[in-house]
Amino acid sequence: MVTDSNKQKELKNDFTNQNKSREILKKRAIELFDLKDDPFYIRLDNKFKCKLCLTMHRSESSYLAHTQGKRHNKNIKKRNLAVDNKNIIQTDHSFFDNQRNLSKPAYKVTKAYCKITHKKIIFIEVIYEYNLPEDVPDYRILTTYEQSIEKPDNNYQYLLVASPNYVTICFKIPNLLIDYENQFTYSYW
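In short, a report on the structure. Remember, it's a predicted structure, so these values are computed and weren't measured experimentally.

### As for the pattern of salt bridges
- Tallied over the full model, the rule gives three salt bridges.
- Two residues, Asp-179 and Lys-119, come together in a salt bridge whose shortest N-O distance is 2.9 Å. One end of the pair, Asp-179, is in the segment after strand S8 (169–174); the other, Lys-119, is in strand S5 (residues 119–127), with 60 residues separating them in the sequence.
- In this structure Lys-119 comes out as partly exposed when scored by relative accessible area, which is 37%.
- For Glu-146, the salt bridge identified is with Arg-140, shortest N-O distance 2.9 Å.
- By relative accessible area, which is 46% here, Arg-140 ends up partly exposed.

### Let's talk about the packing of aromatic side chains
- The full count for this structure, using the stated rule, is four aromatic pairs.
- Note on Tyr-107 and Phe-171: the rings are 5.1 Å apart at their centroids and 85° apart in plane angle, and the pair reads as edge-to-face. Residue Tyr-107 is found in strand S4 (residues 106–114), and its partner Phe-171 is found in strand S8; the two are separated by 64 residues along the sequence.
- Taken together, the ring pairs connect Tyr-41, Phe-48 and Tyr-63 into an aromatic cluster.
- Lys-172 extends its terminal NZ or CZ atom over the ring of Tyr-156, reaching a point 4.6 Å from the ring centre.

Each value, and the rule that gives it
Residues numbered from 1 in each chain as written. Predicted model: local features only at pLDDT ≥ 70, side-chain atom pairs only at ≥ 80, totals over all residues. Heavy atoms only, no water. Salt bridge = Lys/Arg side-chain N within 4 Å of Asp/Glu carboxyl O. Helix = DSSP H or I, 4+ residues; strand = E, 2+ residues; numbered from the N terminus. Buried < 20%, exposed > 50% of the residue type's maximum accessible area, 1.4 Å probe, protein only. Phe/Tyr/Trp six-rings, centres within 6.5 Å; stacked < 30°, edge-to-face > 60°. Lys NZ or Arg CZ within 6 Å of the ring centre and 35° of its normal.

From the geometry alone we can't say anything about function, so treat these as descriptive.
As structure tokens, then:
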């Protein structure tokens, strides 16, 4: 019959054996793996960065463990598939991919006044020339205190409009009540 003290000794031995085997594997990986040949490796001060996964690591061994992990290997497979697809077939999106590298959208602002309802109208038309059908723009209205670019002014609020692969643009609009039930309030993409 095994006593409690014997069980504890066995568990300690197993734990130390696991730690030793991990350390041996790390040392072997460091010896075999040359970081100079790794295209995704960046050293920043005392930290190490994986360009592919955008992760930061405190030590080389942590980075090496990351390169053996699921996330890194999955990202390498995705990247290889993308490269293979570009080499085999030129897709229709290739024109858009080259052109849409964070460009600025065109826009047109028209101000009006409705004599019937006595309300001010601002018509903002944002033109995303190279947007694909699946790239749906989004908008958000910020109060003057949510933004950090300008000094807060209670007379204005900010309309942010964003779309994938375009710079987010901002419109400074009067801080008036927005009537969402009105026929003039709509968005069409």
